[in-house]
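# Structural features, examined
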Amino acid sequence: MVTKQLGGSAEDRADVTRADSLAREIFSDIANKWALLIIEAVGDRTLRFTELRNAVEGISHKMLTHNLRLLERNGLVERTVYPTVPPRVEYTLTESGRALRTTVAGLCDWTHRYLGAIETARHRFDSV
């Protein structure tokens, strides 16, 4: 993973409309279905890798590893490795991860609230 060295002001780096903004790179890392589901699954708990994979139905070992690394790189997940045989690894949300989880929870609430309307719209669209 290589991060571009972005010039400009903090405002420029946070401008999501700019192709070279750090904010857009962060969005790319966290605004995918797996990352959002991982954040929701961890919640206020500390989970081991296998527990997390069981909590996120359908995610492969490779995708879980990839997304956990992205979340850790962005400071949203903390990974703790215990020196046991085999090594025990646990994941928990950081302060910024818990703050993002509030937004993810809002998105989940929105989905539950409008699921019926979305299904109706899809049916109408697909039948044309």
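Refer to the structure printed above.
Attention in this report is confined to the structure presented alongside it. Only a predicted model underlies this, so the values are computations on that prediction, with no experimental measurement involved.

### A few points about the layout of surface pockets
- Here the largest pocket defines a volume of roughly 160 Å³.
- Lys33, Leu36, Leu37, Val104, Leu107, Cys108 and Thr111 together form the lining of the largest pocket.
- Top element by residues in the lining of the largest pocket is helix H6 (residues 95–126). It accounts for four residues.
- Among the residues making up the lining of the largest pocket, the classes are represented as five nonpolar, one polar and one charged.

### Looking at the nonpolar core
- Ranked by internal contacts, the top residues of the largest apolar core, which has 22 residues, are Ile38, Leu52, Val56, Leu64, Leu68 and Leu71.
- Counting residues per element, the ones that place at least two in this core are helix H3 (33–42), helix H4 (49–55), helix H5 (61–73), strand E3 (88–93) and H6.
- Of all the elements, H3 adds the most residues to this core, at six residues.
- With near-sequence residues (within four places) excluded, valine 56 lies in contact with Trp34, Leu37, Ile38 and Ala41.

### Details of the packing of H3 against H5
- Running from amino to carboxyl end, H3 crosses H5 at an angle of 75°, the nearest separation of the two axes being 10 Å. The angle between H3 and H5 falls in the class roughly perpendicular. Contacts between H3 and H5 involve Trp34, Ala35, Ile38 and Ile39 on the former and, on the latter, Met63, Leu64, Asn67, Leu68 and Leu71.

### Some words on the pattern of salt bridges
- On inspection of all chains with the given rule, the structure shows six salt bridges.
- Of the charged contacts in the structure, one is a salt bridge between arginine 73 and aspartate 29, with a shortest N-O distance of 3.9 Å. With arginine 73 in helix H5 and aspartate 29 in helix H2 (residues 22–30), the pair connects residues that are 44 residues apart, well separated along the chain.
- Residue classification places arginine 73 among the partly exposed residues on the basis of a relative accessible area of 36%.
- Glutamate 90 serves as the salt-bridge partner of arginine 88, at 3.4 Å between the closest nitrogen and oxygen.
- Within this structure, Glu25, Asp29 and Arg73 form a network of salt bridges that share partners.

### Describing the side chain of glutamate 90
- Structurally, glutamate 90 can be placed in strand E3.
- In terms of polar contacts, glutamate 90 uses its side chain to reach the side chain of tyrosine 82, at 3.1 Å.
- Apart from the residues lying within four places of it in its own chain, the contact partners of glutamate 90 are Thr46, Leu47, Arg48, Glu78, Arg79, Thr80 and Tyr82.

### Describing H5
- Compared with the 18 Å implied by 1.5 Å per residue over 13 residues, the 18 Å span of H5 between its first and last C-alpha is a close match.
- Of the residues making up H5, those classed as buried are Leu64, Thr65, Asn67, Leu68, Leu70 and Leu71.
- In this structure, the buried residues of H5 make contact with H2, H3, H4, strand E2 (77–82) and E3.

### Some words on H2
- Taken together, the buried positions of H2 are occupied by Ala23, Asp29 and Ile30. Viewed end-on, H2 has its buried residues packed into an arc of 120°, placing them on one side of the element.
- Those residues of H2 that are buried are in contact with helix H1 (10–14), H3, H5 and H6.

Rules used in this analysis
Residues numbered from 1 in each chain as written. Predicted model: local features only at pLDDT ≥ 70, side-chain atom pairs only at ≥ 80, totals over all residues. Heavy atoms only, no water. 1 Å grid on protein atoms, 1.4 Å probe; cavity = no way out; pocket = protein on both sides within 12 Å on 5 of 7 lines; lining within 4 Å. Points joined across faces, edges and corners; volume = space filled by probe spheres on them. Helix = DSSP H or I, 4+ residues; strand = E, 2+ residues; numbered from the N terminus. Nonpolar A, V, L, I, M, F, W, Y, C, P; charged D, E, K, R; others polar. Core = buried A, V, L, I, M, F, W, Y, C linked by side-chain atoms within 4.5 Å. Buried < 20%, exposed > 50% of the residue type's maximum accessible area, 1.4 Å probe, protein only. Contact = heavy atoms within 4.5 Å. Axes fitted to C-alpha atoms, helices over the stretch in contact; angles between N-to-C directions. Parallel < 35°, antiparallel > 145°, perpendicular 65-115°, else oblique. Salt bridge = Lys/Arg side-chain N within 4 Å of Asp/Glu carboxyl O. Polar contact = N/O pair within 3.5 Å; in protein donor to acceptor, adjacent residues only side chain to side chain. Expected span 1.5 Å × (residues − 1). Arc of directions from axis to C-beta.

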